[in-house]
Amino acid sequence: YRLLLKFQRREGHSNVPSSHIEGSTSLGMWLDLQRQKKKRGKLDKRCEKKLKDVGIVWQLLSERWENYYRLLLKFQQREGHSNVPSNHTEDGLKLGMWLARQAHKKRKGKLTLSLEKKLVDVGVVWNIHSVLWEKKYRLLIKFQQRE
């Protein structure tokens, strides 16, 4: 725990990477073990409170998802749409690849409805090709009506 406090003071956060070694101790592995214990209901409540007080994130995947989602919102507000190119990087993170993974999960039925709704609500289009086709078709109809 003292090594975690040392890490937190130095780095300004407590999100220790799994592979991180502090001194000669595998701090990242230790923290992963504490998360597993908490998930199984085996972590002492006193230890859980101490870890919570130093800012431990218990649900890493949901925290990571929310971080990418905030980047998507930033992109959407700046660009006026949420159609992130697959090679786009935002604040050093591969936002385009993340969004492509969400689309892949949706196709496989592995994206929860609540996460899918959050993405749709900010304008994510799952089948961009059909949307573009419809848009160009409407332009063609307008052109034809003018002629």
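Residues numbered from 1 in each chain as written. Predicted model: local features only at pLDDT ≥ 70, side-chain atom pairs only at ≥ 80, totals over all residues. Heavy atoms only, no water.

Engineer: Residue-level account of the overall build of the chain, with values.
Structural biologist: Secondary structure assignment for the chain yields 7 helices and 0 strands. Beginning at the N terminus, the succession of helices and strands in the chain can be written as α-α-α-α-α-α-α. Taking 147 residues into account, the globule formula puts the C-alpha radius of gyration at 15 Å, and the chain, at 22 Å, lies well above it. Its C-alpha atoms give the chain principal-axis dimensions of roughly 75 × 30 × 20 Å. Taken over 147 residues, the chain has a buried fraction of 27%. Sequence separation of 24 or more characterises 35% of the internal contacts of the chain that already satisfy a separation of 6 or more. Only carbon and sulfur atoms are counted for the fraction: they give 54% of the accessible area of the chain, which is about 10700 Å². Side chains of the chain carry 33 positive and 15 negative charges; the gap between the two charge centres is 5 Å. (Helix = DSSP H or I, 4+ residues; strand = E, 2+ residues; numbered from the N terminus. Rg over C-alpha atoms; globule rule 2.2 N^0.38 Å. Buried < 20%, exposed > 50% of the residue type's maximum accessible area, 1.4 Å probe, protein only. Contact = heavy atoms within 4.5 Å. Areas by Shrake-Rupley, 256 points an atom, 1.4 Å probe, with all protein chains shown as cover. Lys, Arg positive; Asp, Glu negative; His and termini not counted. Charge placed at Lys NZ, Arg CZ, Asp CG, Glu CD.)

Engineer: Break down the side chain of Q102 for me, citing the residues and quoting the values.
Structural biologist: Here Q102 is to be found in helix α5 (residues 95-107). Take Q102: its relative accessible area is 2%, and that puts it in the buried class.

Engineer: Give me the packing of helix α4 (residues 60-79) against helix α6 (residues 113-121): which residues, what numbers.
Structural biologist: Running from N to C, α4 and α6 cross one another at 15°; their axes reach a closest spacing of 11 Å. With respect to α6, the axis of α4 lies roughly parallel. Note that α4 runs across α6; the crossing there is right-handed. Residues W65, E66, Y69 and L72 of α4 form the contact with α6, whose participating residues are L115, K118 and L119. (Axes fitted to C-alpha atoms, helices over the stretch in contact; angles between N-to-C directions. Parallel < 35°, antiparallel > 145°, perpendicular 65-115°, else oblique. Left-handed = near helix turned anticlockwise from the far one by under 90°.)

Engineer: Can you explain the pattern of salt bridges? Please cite residues and give values.
Structural biologist: All told, the structure shown has 13 salt bridges when counted by the stated rule. Close ionic contact of R78 with E79 constitutes a salt bridge, the shortest N to O distance being 3.0 Å. Residue E79 is classed as partly exposed on the basis of its relative accessible area, which comes to 40%. In this structure, E90 engages R78 in a salt bridge whose closest nitrogen and oxygen atoms are separated by 2.7 Å. Residue E90 is located in the loop between α4 and α5, and its partner R78 is located in helix α4; the two are separated by 12 residues in the primary sequence. Each member of the salt-bridge network shares a partner with another, and the members are R10, E11 and E22. (Salt bridge = Lys/Arg side-chain N within 4 Å of Asp/Glu carboxyl O.)

Engineer: I'd like a description of the confidence of the model for the chain, backed by residues and values.
Structural biologist: Per-residue pLDDT for the chain averages 90, and the proportion of residues at 70 or more is 99%. Across the chain, α5 holds the top mean pLDDT of 94, while helix α7 (residues 128-146) sits lowest at 82. (pLDDT = per-residue confidence, 0-100.)

Engineer: How would you explain α4 if you had to name every residue and give the values?
Structural biologist: Because each turn of an α-helix spans 3.6 residues, side chains separated by three or four positions in sequence point in the same direction. In this model, α4 (20 residues) spans 28 Å end to end at C-alpha, consistent with the 28 Å of a helix rising 1.5 Å per residue. All of the buried residues in α4 are W65, Y68, Y69, L71, L72 and F75. In an axial view of α4, the angular spread of the buried residues amounts to 160°, which keeps them on one side of the axis. In this fold, the buried residues of α4 make contact with α5 and α6. (Expected span 1.5 Å × (residues − 1). Arc of directions from axis to C-beta.)

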